[in-house]
Amino acid sequence: MGARKMKFTNKALLLISFLIVSALYTYAHMYDVIWLKYWTKPFLMPFLTLFYITIAKKIDTKFIIALCFAFLGDLLFLSQKESFFILGMSCFLIFILLNMIIISNRIGEIKLATFYLTILPFILICIAIISVYFGDVGLMKLLFIIYAGVIGLYGAFSLYWYVKERDKWALLNLIGVLFFFIAAIGKGLKMVEGPKEIYIIVNMTFYIASMLLICTSYANHTIRHDIKK
């Protein structure tokens, strides 16, 4: 009982720490408190990684690596320079690609006809968003198109996983990915139109929620085709 209580306490402390740091960073970003931004954001992914390790039934090394790239992306986004923004986006592209590999491993066999149906709505949404909000941003438009395409593919994998398994952990992941998609839109608008409060709130709120949901989904889901073996 003592060990179980300690584990529960560790989970709670790490979760609370992650949420407090997230709230402080959001506040610092909204009111441009430079020193607080630099002291809080580097702790986001380390706290989330420790939380994942604490709650996971089986630790997925690929997800730990993905969180490391998210950590690098967070650090790069602290800079206002366009070159660092591009590098940060590249880190998150790797984060997304690793997550697609993780999901494909959990799906097992993929039927192409079903997959094409799951990707269609995301393609249409991405085209609409790029056309309306990011139609005239110069060379950055190419990066936004690539990023939107990869996130759309990420969403398709997540939707396929839920359609195939219909369990709460796959649903939790799908919601998390959709939140990540919304956070990315907020990030893009903040980059194009300036750091308006609404964009900062949308970006950070949905980013934090998405990471927690994805993390919890992976930590609790059991891969069925591995059990059958």
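Higher on the page you've got the structure.
Here the structure is a predicted model, which is why all the values come from computation and not from measurement. (Residues numbered from 1 in each chain as written. Predicted model: local features only at pLDDT ≥ 70, side-chain atom pairs only at ≥ 80, totals over all residues. Heavy atoms only, no water.)

(A) Highlighting the overall build of the protein chain. Regarding its fold elements, the protein chain presents 10 helices and zero strands. The order of helices and strands in the protein chain, counted from the N terminus, is α-α-α-α-α-α-α-α-α-α. Of all 229 residues assigned to the protein chain, the portion counted as buried reaches 47%. At a minimum sequence separation of 6, the contacts of the protein chain that also span at least 24 residues come to 74%. Here the protein chain displays about 11,900 Å² of accessible surface, and carbon together with sulfur accounts for 72% of that area. (Helix = DSSP H or I, 4+ residues; strand = E, 2+ residues; numbered from the N terminus. Buried < 20%, exposed > 50% of the residue type's maximum accessible area, 1.4 Å probe, protein only. Contact = heavy atoms within 4.5 Å. Areas by Shrake-Rupley, 256 points an atom, 1.4 Å probe, with all protein chains shown as cover.)

(B) Structural detail: the packing of helix α3 (residues 44–55) against helix α4 (residues 61–77). Contact geometry for α3 and α4: axes closest at 9 Å, N-to-C directions at 165°. Here α3 lies roughly antiparallel to α4, going by the angle between them. Both α3 and α4 take part in a crossing whose hand is right-handed. Residues L44, M45, P46, L48, T49, Y52 and I53 of α3 pack against F63, I64, L67, A70, F71 and D74 of α4. Classifying every residue of the contact of α3 with α4 by side-chain character gives 11 nonpolar, one polar and one charged. (Axes fitted to C-alpha atoms, helices over the stretch in contact; angles between N-to-C directions. Parallel < 35°, antiparallel > 145°, perpendicular 65-115°, else oblique. Left-handed = near helix turned anticlockwise from the far one by under 90°. Nonpolar A, V, L, I, M, F, W, Y, C, P; charged D, E, K, R; others polar.)

(C) Representation of the environment of G188 in the model. Note on placement: G188 falls in helix α8 (residues 168–193). Look at G188 and you get buried, because its relative accessible area is 4%. Between the C-alpha atoms of G188 and Y199, which are 11 residues apart in sequence, the distance is 8.8 Å.

(D) Representation of the packing of aromatic side chains within the structure. Scanning all chains against the criterion turns up 14 aromatic pairs. Ring geometry for F63 versus Y218: centroids 4.9 Å apart, planes at 85°, classification edge-to-face. One end of the pair, F63, is in helix α4; the other, Y218, is in helix α9 (residues 197–220), with 155 residues separating them in the sequence. Taking the relative accessible area as the measure of exposure, F63 reaches 0% and is therefore buried. (Phe/Tyr/Trp six-rings, centres within 6.5 Å; stacked < 30°, edge-to-face > 60°.)

(E) Representation of the pattern of salt bridges within the structure. All chains considered together, the criterion is met by four salt bridges. For D74, the salt bridge goes to K41, with nearest N and O atoms at 4.0 Å. Here D74, found in helix α4, pairs with K41, found in the loop between α2 (34–40) and α3; they are 33 residues apart in sequence, far enough to count as distant. Residue class for K41 comes out buried when judged on its relative accessible area of 3%. When the shortest N-O distance is used, the salt bridge between R106 and D60 registers 3.7 Å. Placement of R106 in helix α5 (residues 82–107) and of D60 in the loop between α3 and α4 is noted, with a sequence separation of 46 residues between them. Given a relative accessible area of 3%, R106 falls into the buried group. Owing to a relative accessible area of 13%, D60 belongs among the buried residues under this scheme. Overlapping salt bridges, with partners in common, bring together D60, K62 and R106 in one network. (Salt bridge = Lys/Arg side-chain N within 4 Å of Asp/Glu carboxyl O.)

(F) Unusual backbone geometry, seen in detail. For D32, which is not a glycine, the phi torsion comes out positive at approximately 55°. The backbone of R166 sits at a positive phi, close to 55°, despite the residue not being glycine. Tracing the backbone through its elements, the reader meets R166 in the loop between α7 (140–165) and α8.

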